[in-house]
Amino acid sequence: MGLYKDIKNLLLGMKITGKHLGRHAVTIQYPEEKWTMPERSRGIVVLLSDKETGELNCTGCLLCMRACPSAAIRIDAPRGEDKKRHVKKFDINFGICCFCGLCEEACNFCAIRMAPKYEFSTENKDDLTWDMHKLQEMGRDVDYVDTRKKKIPKPKPAIEEKPASETKPAEVKPDTPKQEENND
Amino acid sequence: MPLVLMSLELIEIFRWAYGLLAELGLPPVWVMLISYGVIGVLMFGVLALLALFLVWWERKVAGHVQQRFGPMRNGWHGWYQTIADAIKLLQKEDVDIIARDKFVFFWAPVLCFVAAFLAYICIPFGKDLIVADLNIGILYIMAVTTFTVIALLMAGWGSNNKYALFGGMRSAAQAISYEVPMVASILTVIIYAGSLSMVDIVQSQNSFFGWFICRMPFGPIAFVTYIIAATAEANRAPFDIPEAEQELVAGFNIEYSGMKFAMFFLAEFINLFTVSAIAVTLFLGGWEGPWLPSWLWFLLKTLGIVFLLMMFRWTYPRLRVDQLMEFAWKFLVPVTFANLILAATMKYLGWYW
């Protein structure tokens, strides 16, 4: 009978909405609750620092700047008297950045990386340009595998000879065990 | 514990307050005027708050059916969201369009609002808790709630907008069509109650099996047809063609803004509560119930029916105009009249219990 079928279908609809009423909501309350981003997800671009010294890994080779298709990266790294580049300025304009990840691929020194962070909205467009220090701060807690360590040790003595008189090595040593504990 | 709860009758508070007022030694006319004034203001406040609560509840139900949360920001689960909305609407600019019919445009929301409130004069909220027990109670309610149709038609005409006019005309056509099965299903109750007074109707169903919904076989049929017709009367989905957001933008209230819109909106939710309250009074035994105070029973039952109507809204798709009319005239009217004849025959032959 048509009427019987109609009533059955109406009740079926009510049953389905009733079932959904009891289920837990799939949305999350954004500022209070947040997604846990996957470890290797690609959000904002950050600059990585050396795990031991805390210095920037960046050597100022400008590869990322050349690789950037939208010219969002501006680096000012003039050669110093030691004929090495010293990074003075490293700005990324997130207003232009297209998050393609080419800078990350171009980098040979584990210096630039896309981190699993995504909150960088501002009230002012000018604030979207992040300078070196901000990028470094955002990259502090990003865990990474340091692939460049194998190559670095050879020139290391040459670097260490020059600032040997300074007290830097003494400061570094007590920090290292702490960081390792944290990483474990 | 049940005895303590039973004694929490709201009517006692009113009797005590009236006693205090009578002792002041004012002329009787003043006593009457003051008491009716207080009751009027009280009803207005309670119903406005109730409408705000229903708006919030509707949004919560809608959210949870769609596995969202609904309003969550203001207070616990957004409980004062609608209060904030109402205050916002009060402050908003009253946009006055140039090409409108001024008189009709202005008075339509007022009439809609007043018509929604008028029905509460003879709805029994609890034992003795009724403003005026008119001996034509249900007839009065049916007559007064029909004013809403005129108000919506006025809004549609006054706005000088084709969508608004469509909404108003559809509203009139729908409400008049569904009034017929609605009254026919109410008549089945009236035959057995033997009275049009709301209090008498409640008192004639004094036990659970005396509720009109439990009177086989005509009771459940009358209840279901009443609920369907009431959904259409309250202009709610699946019968919300007068405002049909997708086709008529917002129908009759398209040109209204600020407080005028808020009046339409509140009136809509008060109408929702009205039809639920009538359903409870006529079919579900009104305030009757054990253990709890009578007003609480009434409120619980009514909110249950309101919840049912809300679930209808978020379950069923909207009907087309021709389907709507076909359903009213070709299905509901014959069914309710057959049911009415059945009930009348059983009453005449003395087969009922």
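Residues numbered from 1 in each chain as written. Chains lettered and ligands numbered in written order. Predicted model: local features only at pLDDT ≥ 70, side-chain atom pairs only at ≥ 80, totals over all residues. Heavy atoms only, no water.

Visitor: Now, about the overall build of chain A: what can you tell me, with residues and values included?
Guide: Counting its regular elements, chain A contains six helices and five strands. The order of helices and strands in chain A, counted from the N terminus, is α-β-α-β-β-α-β-β-α-α-α. Looking at chain A residue by residue over its 184 residues, the buried ones come to 26%. Element-wise, carbon and sulfur atoms account for 54% of the exposed surface of chain A, whose accessible area totals about 13,500 Å². (Helix = DSSP H or I, 4+ residues; strand = E, 2+ residues; numbered from the N terminus. Buried < 20%, exposed > 50% of the residue type's maximum accessible area, 1.4 Å probe, protein only. Areas by Shrake-Rupley, 256 points an atom, 1.4 Å probe, with all protein chains shown as cover.)

Visitor: Tell me what's going on with the side chain of N161 of chain B, and back it up with residues and numbers.
Guide: Among the structural elements, N161 of chain B can be located in the loop between α7 (147–158) and α8 (162–193). Apart from the residues lying within four places of it in its own chain, the contact partners of N161 of chain B are G156, I254 and E255 of chain B. (Contact = heavy atoms within 4.5 Å.)

Visitor: Which residues make up the packing of aromatic side chains, and what are the values?
Guide: In this description, a pair of aromatic rings is defined by centroid distance and the angle of the planes. Overall, the coordinates contain 28 aromatic pairs over all chains when judged by the stated rule. Taking 5.6 Å as the distance between ring centres and 75 degrees as the angle between the ring planes, the aromatic pair formed by F125 of chain B and F298 of chain B counts as edge-to-face. In this pair, F125 of chain B is assigned in the loop between α5 (102–118) and α6 (137–145) and F298 of chain B in helix α13 (residues 294–315), connecting sequence segments 173 residues apart. For the pair shown, F125 of chain B and F298 of chain B are each scored as buried. Through pairs of rings, three or more aromatic residues link up here, namely F94, F99, F120 and W130 of chain A. (Phe/Tyr/Trp six-rings, centres within 6.5 Å; stacked < 30°, edge-to-face > 60°.)

Visitor: Outline empty space enclosed by the protein, listing residues and values.
Guide: Scanning the entire structure with this criterion turns up four cavities of 30 Å³ or more. Computed from the structure, the largest cavity encloses a volume of approximately 250 Å³. If you trace the largest cavity, you find 21 residues lining it, with T148, E233, A234, N235 and N271 of chain B closest to the centre. Mapped onto the lining of the largest cavity, the elements with two or more residues apiece are α6, α7, α8 and α12 (258–283) of chain B. Of the residues assigned to the lining of the largest cavity, the class counts are twelve nonpolar, six polar and three charged. Of the volumes computed, that of the second largest cavity is approximately 100 Å³. Looking at the second largest cavity, it is lined by 14 residues, and the ones nearest its centre are V45, C68, I73, C97 and C103 of chain A. Residue classes in the lining of the second largest cavity are distributed as twelve nonpolar, two polar and no charged. (1 Å grid on protein atoms, 1.4 Å probe; cavity = no way out; pocket = protein on both sides within 12 Å on 5 of 7 lines; lining within 4 Å. Points joined across faces, edges and corners; volume = space filled by probe spheres on them. Nonpolar A, V, L, I, M, F, W, Y, C, P; charged D, E, K, R; others polar.)

Visitor: Got a sec to walk through unusual backbone geometry? Specific residues and values, please.
Guide: Residues and elements named next belong to chain A. Even without being glycine, K83 reaches a positive phi, approximately 60 degrees. Looking at where K83 falls in the secondary structure, it is placed in the loop between β2 (73–76) and β3 (89–93). Judged by its relative accessible area of 69%, K83 falls in the exposed class. For F99, which is not glycine, the phi dihedral falls at a positive 55 degrees. As for its position among the elements, F99 is in the loop between β3 and α3 (102–106).

Visitor: Before we move on, can you summarise the interface of chain A and chain B with the specific residues and values?
Guide: When the parts of a complex come together, some accessible area is lost, and that lost area is often taken as the interface size. On the chain B side, the residues contacting the 18 residues of chain A number 16 residues. Taken over both partners, the interface formed by chain A and chain B buries close to 1,400 Å², and the fraction arising from carbon and sulfur atoms is 64%. Its largest share of buried area at the contact with chain B, chain A owes to M14, L21 and Q29 of chain A, together 39% of the area lost on that side. Where chain A packs against chain B, one counts one salt bridge. (Buried area = accessible area lost by both parts, 1.4 Å probe. Salt bridge = Lys/Arg side-chain N within 4 Å of Asp/Glu carboxyl O.)

Visitor: So what about the pattern of salt bridges? Which residues, and what values?
Guide: Counted according to the given criterion, the structure contains eleven salt bridges over all chains. R113 of chain A serves as the salt-bridge partner of E104 of chain A, at 3.6 Å between the closest nitrogen and oxygen. On the basis of relative accessible area, R113 of chain A is assigned to the partly exposed category, the value being 22%. For D322 of chain B, the salt bridge identified is with R320 of chain B, shortest N-O distance 2.9 Å. Owing to a relative accessible area of 40%, D322 of chain B belongs among the partly exposed residues under this scheme. Each member of the salt-bridge network shares a partner with another, and the members are E58, R236 and R313 of chain B.

Visitor: Can you tell me about helix α4 (residues 132–139) of chain A, naming the residues and giving the values?
Guide: All names here are of chain A. Along α4, the residues that are buried comprise M132, L135, Q136 and G139. For α4, the angular spread of buried residues about the axis comes to 100 degrees, placing them on one side. Where α4 is buried, its residues meet β1 (45–47), β3 and β5 (129–130). (Arc of directions from axis to C-beta.)

Visitor: Residue-level account of the pairing of β3 of chain A, with values.
Guide: The side chains of a regular strand alternate between both faces of the sheet. All names here are of chain A. Where β2 meets β3, four bridges bridge the pair, whose relative direction is antiparallel. Note that in β3 the partner of I75 across the bridge is F90. Pairing geometry for β3 and β5, over two bridges, is antiparallel. By the bridge assignment for β5, I92 is matched with W130. (Pairing = 2+ DSSP bridges.)

Remember, this is a structural readout, not a statement about activity or role.
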